[in-house]
Each structure stands twice: as C-alpha cells, then as structure tokens.
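Listed here are the chains, written in short residue letters.
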Amino acid sequence: MTAALIACAHGTRYDEGREVVRALLDVLRDTAPADVEVLEAYVDVHGPFVTDVVAEARARTSDIVIVPLLLSTGYHTEVDLVEAAEGLPIAPALGPHPLLAEILLDRVRAVGAAEGDTIVLAAAGSTRPGAVVDVERVAAMMADAGAPGPIVTAYAAASEPRIPDAVAAARAEGARTVAASYVLAPGHFSRVIEKADADLTSAPIGADPRLATIVWERWRDARRETGAPAPAAPAPAVPAAPAASVPAAPAAPRARWFERLRALVSGPRRRA
C-alpha cells in the first residue's frame, strides 16, 4: 500500500444501513487510483473505529487521508475525527456539493414530486452551526438546479425547525409536501423522516456512484495540501442509473454493489 483513503462513516445499529455503506465502499474501491487502498472506518456505534484504522494504516504508510462519509460538518468532523487523525489530513464532509443536490432532486422526482410541491430538505441536524449552513447551501444548490417547488430546510434533531413542524407549516399553506431524505443510508434518522407525515418521502441517498466522484475530489484536494505527488487518475465512476430503476444486469466488477443498492436502499414511501 502506497497511499490510503480512510472512508469514515458515522456507524449505525441497522444492518441495512451498514450494507449501504459497504456498497459505497465497493464503489470507491472499484474507482480508486492505482496503489490507493480504501479502508473502512466508523466514528461511532461500531467498529472498525477510526482510531484503530488510523493506527493500523500508520504502520504501513504515511500517505493517509481521512474522508468523512458524512453529509455536513458537525461535531464528528470538527472534534472526533480531528482527535483520531492526530495530525493526518481530513477532507471536508461530502456536502455541500452540486452532485448531492442533483442526487436529491433525482430522489424527489422519483417519488413523484410535482410543480408547486414544497420540498422539505430533511437532514439529521447538529449542534454545530456550520451544519445548518451546509444544509442551507445544499437547498440553494437544489433550487439552482431546477427543483420543482420551493425548498425549506428542517432537521430530525438538535436544530430548528424540526421536520414535522416544517411539514405542518407547508401543509397549512395548502401545499403538498415532499420530504427529501438528506441522509446517506437507512437507519434511525431515515425512520424519523418517514414518520414526519409528509405526503411523499424520498429514499435516502444510498450508494449512488456519483458519491465516488465527490469522495475522490475531497481526497485529492486534501492530499494535495500535504504536497504528496499526484497519483494516477481515479477510474470514472459508474454513470448514475435513473432514480426510478436500477440496471438488471450490470457488468462485472460492479454488479455486486448494484445488487446491494437494489435490495437495500429503501424505496419511496407515500403517506397513508
């Protein structure tokens, strides 16, 4: 191993959430530059914990970058990862990024969002003020990219407004509501979003291949700041499948993660 990307997710007790993260790790490994190893790590809930992964990687190479598989800045990026890194470069969170806005729009269109619907960009929430700024920037990117209706931001915890309140406020004005699940994988927060009583709720972002583009961009920029020589370019990410369907017979070696994505990313849910 000449270089390592430590891909650090939050961690979840839900098996389907863990499988989606591992499917994303498969995409990253399929698109990695030559001589770059992608290592799995988590900051909370379960291992392999990032502190242990960092220690093991240091025994083999000094060319290490931590890339959070987290959608916004927050306590984990600003405190936990900084402590675990012990001076190693840490890339920014995945969001805000125009590709995330594109993915979210694909998800809400797949669930049936129409002109005039109010889109509630439903994020996990954080006590760190930078997280709210990040989510608001993603909402602005969605609007710039042609969202079918107005967008309001809301949160499952820690920040205001809470998702049920944002849904109720939009409905009180006569609008149909679409909760855009701004979470990576099924788990606690996706369930909170589903229970918020929106008329339509999109699927989590999942192991979308466009995330690989963001991850390698973050890795490249963080690594460049260390003065490390540029590696061979990453392999191109798989073009995104239409949000409403997944190819039935993808070519190897990416068939494995496509099959996982089909089985594990929760589909759109309609309000009963």
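Residues numbered from 1 in each chain as written. Predicted model: local features only at pLDDT ≥ 70, side-chain atom pairs only at ≥ 80, totals over all residues. Heavy atoms only, no water.

Caption draft 1: Here's a closer look at the overall build of the protein. When helices and strands are tallied, the protein shows nine helices and eight strands. Within the protein, buried positions represent 53% of all 272 residues. In the protein, the share of contacts with a sequence separation of at least 24, taken over all contacts with a separation of at least 6, comes to 75%. When the accessible surface of the protein is totalled, it reaches about 11,600 Å², and 53% of it is carbon and sulfur. (Helix = DSSP H or I, 4+ residues; strand = E, 2+ residues; numbered from the N terminus. Buried < 20%, exposed > 50% of the residue type's maximum accessible area, 1.4 Å probe, protein only. Contact = heavy atoms within 4.5 Å. Areas by Shrake-Rupley, 256 points an atom, 1.4 Å probe, with all protein chains shown as cover.)

Caption draft 2: Quick look at the packing of aromatic side chains. What the rule picks out here adds up to one aromatic pair. On the basis of an interplanar angle of 90° and a centroid distance of 5.2 Å, the ring pair of W216 and W219 is categorised as edge-to-face. Highlighted residues: W216 and W219, both in helix α8 (residues 210-224), separated by three residues, approximately one helical turn. Exposure remark for W216: the relative accessible area of 3% places this residue in the buried category. On the basis of relative accessible area, W219 is assigned to the buried category, the value being 2%. (Phe/Tyr/Trp six-rings, centres within 6.5 Å; stacked < 30°, edge-to-face > 60°.)

Caption draft 3: Structural context of the sheet that holds strand β1 (residues 3-9). The strand order across the open sheet formed by three strands is β2-β1-β3, and the pairing between neighbours is parallel. Among the strands making up the open sheet, the edge pair consists of β2 (36-42) and β3 (64-68). Strand after strand, the sheet turns through a mean of 25° between neighbouring axes, direction not considered. (Pairing = 2+ DSSP bridges. Axes fitted to C-alpha atoms, helices over the stretch in contact; angles between N-to-C directions.)

Caption draft 4: Fine view of the confidence of the model for the protein. In this model, the protein carries an average pLDDT of 88, and 84% of its residues clear a pLDDT of 70 or more. Note that residues 240-272 has pLDDT below 50 and, in this model, 65 contacts with residues that lie over four places away or in other chains. (pLDDT = per-residue confidence, 0-100.)

Caption draft 5: A look at helix α1 (residues 15-30). An ideal rise of 1.5 Å per residue puts 22 Å on 16 residues; α1 measures up with 23 Å between its terminal C-alpha atoms. All of the buried residues along α1 are G17, V20, V21, A23, L24, L25, D26, V27, L28 and D30. (Expected span 1.5 Å × (residues − 1).)

Caption draft 6: Structural context of the pattern of salt bridges. Within the structure shown, the criterion is met by 16 salt bridges. A salt bridge links R107 to D208, with the nearest nitrogen and oxygen atoms 3.1 Å apart. One end of the pair, R107, is in helix α4 (residues 98-111); the other, D208, is in the loop between β7 (200-201) and α8, with 101 residues separating them in the sequence. In this pair, the class of R107 matches that of D208, namely buried. Note that D208 is salt-bridged to R210, the shortest N-O span being 2.9 Å. A residue is classified by how much of its surface remains accessible, and D208, at 4% relative accessible area, is buried. (Salt bridge = Lys/Arg side-chain N within 4 Å of Asp/Glu carboxyl O.)

Caption draft 7: Representation of helix α2 (residues 50-58) within the structure. Listed as buried for α2 are V50, V53, V54 and A57. Taken down its axis, α2 places every buried residue within 100° of arc, on the same side. Buried residues belonging to α2 abut β1, β2, β3 and α3 (75-85). (Arc of directions from axis to C-beta.)

Caption draft 8: Spatial organisation of the packing of α2 against α3. α3 packs onto α2 with a crossing angle of 30° between their chain directions and a minimal axis gap of 9 Å. Relative to α3, the element α2 lies roughly parallel. The two elements α2 and α3 meet at a crossing, and its hand is right-handed. Listed contacts from α3 to V50, T51, V54 and R58 of α2 are L81, A84 and A85. A per-class count over the contact of α2 with α3 returns five nonpolar, one polar and one charged. (Parallel < 35°, antiparallel > 145°, perpendicular 65-115°, else oblique. Left-handed = near helix turned anticlockwise from the far one by under 90°. Nonpolar A, V, L, I, M, F, W, Y, C, P; charged D, E, K, R; others polar.)

Caption draft 9: Up close: unusual backbone geometry. Residue P48 is bonded to the preceding G47 through a cis peptide linkage, with omega at 5°. You can see P48 is positioned in the loop between β2 and α2. Along the chain, E160 connects to P161 via a cis peptide bond; the corresponding omega equals -5°. Topologically, P161 is positioned in the loop between β5 (151-155) and α6 (163-172). One non-glycine residue, D35, adopts positive backbone phi at about 70°. Within the secondary structure, D35 sits in the loop between α1 and β2. For D197, which is not glycine, the phi dihedral falls at a positive 75°. Examined against the element boundaries, D197 turns out to sit in the loop between α7 (188-194) and β7. According to the relative accessible area criterion, D197 is partly exposed, its value standing at 36%.

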